[in-house]
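Fold and contact review
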Amino acid sequence: MSSILTNNSSMVALETLRNINRNLETVQSEISTGKKISTAKDNAAIWAVSTVMSTDVASFKAITDSLNLGSSTVGTARSAAEKVTETLQDIKTLIVQAQGENVDRAKYQTDIAEKISLIEGYVSAAQFNGLNLINGSSTEDVNVLSSLDRSSSGSVSASYISVARQDLSVANTGSAAVFGAGANADQTIIASGVNSGSATTVAANNTLSVEIASVADGQSYRIMLDDTATNNSLGQRTFEYVASASDSAESVAANLANQISNFFAATGETNYSVSRSGADVVFTNNTASALALTATARTGGTAGVSSGGLGNLATIDVTTTDGAAAALTTIEGLLNTAIDAAAAFGSSQNRITGQSEFVQTLIDSMTTGIGSLTDTDMEAASAKLQALQVQQQLGVQALSIANQAPQTLLSLFR
């Protein structure tokens, strides 16, 4: 039955054309925006996931800035610590040169003072954006934001890389040791037979042990070596140590042995050597002539208080023979402090750099994942666009034909 009131063919053609136009509009939107899911109505679940991931990507980009700032701050401290180490090595060279008997030690002391001033400058200038990690102003670790950790429940927590500060300050907060004046009447502080107050002979090609027999706060120990009457390669040298309440016989022996060993190493002394065995300081005479050794102990001394950082630089005094020898042990400890600081900063900077590279890789991976969820497949969209355009043209043609169908009814009334 034909009707001029209801044109079923036209309605079918019109609905088909509407669907084609809707699909065409969607494809054109995908092509123009580059996204197949750009709003929640496109696909609510995928849009929600991609939006959360996009906020995480933005957060990780901010973390990259934090890591870069942290790396620059630690790198500044590391460079300064390395420069301080180099200058301390220069000071050690001056101290070694001052060990000679016929040198102008006052000039060496002046040079050392200038080097110390350089170190002060390095330490005070080693700041980045106002943060100085080596001037001893604080002992608190510096936390560098390194990551955001999202759990399966959706909660987010921040992770940090802790960078330990290193004290390379030159301010002297310590005090020098004061050698005791009290008599060691019972001869027990240093084992009897050596602690006689007079020279004991280290026989040619032989060894002699000086035993630290007892230790107490303020007990003072002195060992003098003298070969002026024989080889005269060593001269007359004195080494001292004042014990504190925390010292043991072994630590006193170790300190004295280290002082003497450092002196032998710095001066290239090979005629004699020293080692430690338990609480004994063991001397070896490698020559054919005797070495005179005088061991003395006293009570009533005051142990030195070590400065923080590089404060013990203030105690270096090479203007005397004994001071020059003692400076060798001091500079070794300070060098180790600076070397440890530079190494610690280097390790921290490597960790920060590695984390920064990982975060950038993570950003790339997350961006790729978001793209795979939301980005338009341009090849497929192009093909679909061409097909829909043809369908649109055919739909318009079909609708036109359907609209002309009632015209044929007029022939029935002619």
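Up top is the structure these notes are about.
Residues numbered from 1 in each chain as written. Predicted model: local features only at pLDDT ≥ 70, side-chain atom pairs only at ≥ 80, totals over all residues. Heavy atoms only, no water.

**What to know about the pairing of strand S11 (residues 291-298)**
- Most of S11 is tucked away, with six of its eight residues classed as buried.
- Relative to S11, strand S5 (residues 200-202) is paired through three bridges, and the arrangement is antiparallel. Across the sheet, the residue bridging to valine 202 is leucine 291, located in S11.
- Judged from the seven bridges that link them, strand S7 (residues 220-226) and S11 form a sheet pairing that is antiparallel. Bridge pairing in S11 links methionine 224 to threonine 294. (Buried < 20%, exposed > 50% of the residue type's maximum accessible area, 1.4 Å probe, protein only. Helix = DSSP H or I, 4+ residues; strand = E, 2+ residues; numbered from the N terminus. Pairing = 2+ DSSP bridges.)

**Quick look at the layout of surface pockets**
- One number sums up the size of the largest pocket: a volume of about 1,100 Å³.
- Lining the largest pocket are 34 residues; nearest its centre among them are Ala177, Tyr241, Thr315, Ala326 and Thr330.
- Elements represented by at least two residues in the lining of the largest pocket include exactly strand S8 (236-242), helix H4 (249-267) and helix H5 (321-374).
- Looking at which element gives the most residues to the lining of the largest pocket, the answer is H5, with 10 residues.
- Across the lining of the largest pocket, the residue classes tally to 14 nonpolar, 16 polar and four charged. (1 Å grid on protein atoms, 1.4 Å probe; cavity = no way out; pocket = protein on both sides within 12 Å on 5 of 7 lines; lining within 4 Å. Points joined across faces, edges and corners; volume = space filled by probe spheres on them. Nonpolar A, V, L, I, M, F, W, Y, C, P; charged D, E, K, R; others polar.)

**Points about the sheet that holds strand S9 (residues 272-277)**
- Spatially, S6-S10-S9 is the arrangement adopted by the three strands of the open sheet, whose pairing is antiparallel. For this open sheet the edge positions go to strand S6 (206-211) and S9, each flanked by a neighbour on one side alone. Recorded for the sheet is a direction-independent mean angle of 20° between the axes of neighbouring strands.
- As judged from the six bridges shared by S9 and strand S10 (residues 280-285), these two strands associate in the antiparallel manner. Its bridge partner lying in S10, serine 275 is registered against valine 282.
- Along the sheet, H4 contacts S9 and S10; its crossing angle with S9, the most-contacted strand, is approximately 160°. (Axes fitted to C-alpha atoms, helices over the stretch in contact; angles between N-to-C directions. Contact = heavy atoms within 4.5 Å.)

**Brief notes about the pairing of strand S4 (residues 156-163)**
- Sheet topology places strand S3 (residues 142-150) next to S4; eight bridges connect them, and they run antiparallel. Residue pairing across strands places aspartate 149 opposite serine 157, the latter belonging to S4.
- Linking two consecutive strands that pair antiparallel, namely S3 and S4, is a turn of five residues; a positive phi of about 100° is found at glycine 154 within it.

**Description of the packing of aromatic side chains**
- By the definition in use, this model includes two aromatic pairs.
- Where phenylalanine 239 meets phenylalanine 263, the ring centres are 5.8 Å apart and the plane angle is 65°; that geometry is what we call edge-to-face. Of this pair, phenylalanine 239 sits in strand S8 while phenylalanine 263 sits in helix H4, placing them 24 residues apart in sequence. Of the two residues examined, phenylalanine 239 and phenylalanine 263, each falls in the buried class.
- Centre to centre, the rings of phenylalanine 263 and phenylalanine 264 are 6.3 Å apart; their planes meet at 55°, and the pair counts as tilted. Side by side, phenylalanine 263 and phenylalanine 264 carry an identical accessibility label, which is buried.
- Chaining the aromatic ring pairs together yields one cluster made of Phe239, Phe263 and Phe264.
- Residue placement shows arginine 222 over the ring face of phenylalanine 179; its charged tip is 3.9 Å from the ring centre. (Phe/Tyr/Trp six-rings, centres within 6.5 Å; stacked < 30°, edge-to-face > 60°. Lys NZ or Arg CZ within 6 Å of the ring centre and 35° of its normal.)

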